[in-house]
Amino acid sequence: MSGESSVPTGQAATPGLARVQPRPWAQTLVVVLAALTVIVAFVLRLRGERLGTPELMVLGCFFLAMLAGEALRLDGQDHPMMFPLSGAATAGLALAGELDGRTLGYGAAEVVIAQVAAMLLGSAWLQHRTGGRPRVHHYAVRLLVLSLVAVVYREVPLGPGGRTLVAAATDGTHVRWQVALLMLAVLLAATVLAFALQLLLRPRGGHRARWHFFQEDVRSALPVTLAAMSAAVVVALGLRALSLFAVPLFLTPLVLMGFAIQRQRRAGRARQQSIAALSRMTDLAGYTREGHSERVAALCDVVGRAMHLTDRELVDLEAAALLHDIGQVALRDPIPGGATVGLAPVDQERIADDGAAIVRRTEAMDRPATIISEHPTPFRILREEGRPLSRAARILKVCNAFDDLGGTRGDRDAALERILLGLGYEYDPEVVDALTEVTERVTRAA
């Protein structure tokens, strides 16, 4: 059941333009709650009875599966639930009730401790292998969600006669499919909590931004989460018939799925590198100023995050920003300084259409090509005629003009003054407000 999104290639070209970070108070809250959960678990374990051999065997087997899941985490995914193998192993341990017909007597505290140990060792291995710092609040969210599964299923008297759910599931009065539905219900409730906490960690925004973020989370994490949930239920039920052999047997498909997703991620990174290399062509050929596309891409990323674009929209916007001037290679004579902001609208549209036609020849680049072809369109077309014009295209238009007018080279105020002359006609006021805010923040920091 249960992460980082790509940083634009050109972000380093514009110092001070940092990503919008999740709300610090929300991070602190989930980390503190997770820490309290761990402390309570250790206290309960110290006061608890000694575990028998079957319990220790189950805990050890699932712990190894969790540890393997932490080592095989899905790199590049910015969501706390994108740990399918580790999450499924933890959930399976929380739901396991029988081994070879014998009722298992461990509680939620043992599940929490095993999960924490696997997380600590896995994050240490990740830091050693990649040098990246683990996102503590993502680990905290996952710990809270899966600990809740263990507590609800193993400790809270929600079953008939005031018994726990695990006791009700192992007393022989329920058929297997009823027990499976009960387990899935607990896991679904925990998944809802996970998405709610993830939404809480997102940057501050209105209802529209939250809806966009929720859609992005569902698209990226829900399929993997559902696969992990199903595996956890099958493993927990399989212990009765297959003993510990059920753990590797039913969790191996998640390992294979992880490798497939990693391969897809590597292909995506190769695509980004190819886009970045292609964007340099106009610089090297003398059509645009050195680093223009990288600066525009970095600025689009920050403005897009300030306007709460989803991760998918940001990836498409970055690709479009890096390649928005590629149509200039069809010009007989380069534009002085490469700045398209002063050209006639028909010339801007021709360059954009030529660039979009080039980009569309690459597979899966239709969305960036559409942004490129739309970005010269004046904002009044959307307001007066109601023609569709994506937010990404409006952001690219403003950020391109800002760099063409020297805004990223020290002439911020002069560039903003020129842009304000076209406010509401050429440029979207919402985008200009976001640009003003982020550039003012950078100026204050400098």
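Residues numbered from 1 in each chain as written. Predicted model: local features only at pLDDT ≥ 70, side-chain atom pairs only at ≥ 80, totals over all residues. Heavy atoms only, no water.

Trainee: Honestly, the overall build of the protein in this entry has me stumped. Any pointers?
Mentor: Helices and strands together make up the secondary structure of the protein, namely 18 helices and two strands. Counting all 446 residues of the protein, 52% fall into the buried class. Here the protein displays about 20300 Å² of accessible surface, and carbon together with sulfur accounts for 61% of that area. (Helix = DSSP H or I, 4+ residues; strand = E, 2+ residues; numbered from the N terminus. Buried < 20%, exposed > 50% of the residue type's maximum accessible area, 1.4 Å probe, protein only. Areas by Shrake-Rupley, 256 points an atom, 1.4 Å probe, with all protein chains shown as cover.)

Trainee: When you look at the pattern of salt bridges in this model, what are you seeing that I'm missing?
Mentor: Close approach of charged atoms allows side chains of opposite charge to pair. The full count for this structure, using the stated rule, is 14 salt bridges. Residue Arg-305 pairs with Asp-301 through a salt bridge whose shortest N-O separation is 3.2 Å. Placement of the pair is Arg-305 and Asp-301 together in helix α11 (residues 292-306), with a separation of four residues, close to one helical turn. The same class applies to Arg-305 and to Asp-301, which are both buried. Ionic pairing is found between Asp-347 and Arg-350, a salt bridge with its closest N-O pair at 2.9 Å. Within this pair, Asp-347 and its partner Arg-350 are both found in helix α13 (residues 345-359), separated by three residues, close to a single helical turn. The exposure class assigned to Asp-347 is partly exposed, which follows from its relative accessible area of 25%. Shared partners join several salt bridges into a network, and the residues in it are Arg-280, Asp-283 and Glu-290. (Salt bridge = Lys/Arg side-chain N within 4 Å of Asp/Glu carboxyl O.)

Trainee: What am I meant to see in empty space enclosed by the protein here?
Mentor: The rolling of a water-molecule-sized probe over the atoms marks out the regions of remaining empty space. Considered as a void within the structure, the largest cavity measures approximately 80 Å³ in volume. Elements that contribute at least two residues to the lining of the largest cavity include exactly α6 (165-169), α7 (176-201) and α8 (207-242). Class assignment for the residues of the lining of the largest cavity results in eight nonpolar, two polar and three charged. (1 Å grid on protein atoms, 1.4 Å probe; cavity = no way out; pocket = protein on both sides within 12 Å on 5 of 7 lines; lining within 4 Å. Points joined across faces, edges and corners; volume = space filled by probe spheres on them. Nonpolar A, V, L, I, M, F, W, Y, C, P; charged D, E, K, R; others polar.)

Trainee: Can you help me understand helix α12 (residues 311-323) in this one?
Mentor: Quick reminder: α-helices carry 3.6 residues per turn. Residues three or four places apart thus point the same way. Look at α12: 19 Å from first C-alpha to last across 13 residues, which is about the 18 Å you get at 1.5 Å a residue. Across the 13 residues of α12, 10 count as buried, placing the element largely inside the fold. Those residues of α12 not exposed but buried are Asp-311, Leu-314, Asp-316, Leu-317, Glu-318, Ala-319, Ala-320, Ala-321, Leu-322 and Leu-323. (Expected span 1.5 Å × (residues − 1).)

Trainee: So what exactly am I meant to see when it comes to a nonpolar patch on the surface here?
Mentor: Judged by side-chain polarity, Trp-25, Leu-29, Val-32, Leu-33, Leu-36, Ile-39 and Val-43 come together as a nonpolar surface patch covering roughly 620 Å² of accessible area. Within the fold, Val-32 resides in helix α1 (residues 24-47). Val-32 gets classed as partly exposed once you look at its relative accessible area, which sits at 41%. (Patch = residues over 30% accessible without salt bridge, like charges linked within 9 Å, V, L, I, M, F, W, Y side chains within 5 Å.)

Note that every value here comes from positions in space, so none of it alone points to a role or purpose.
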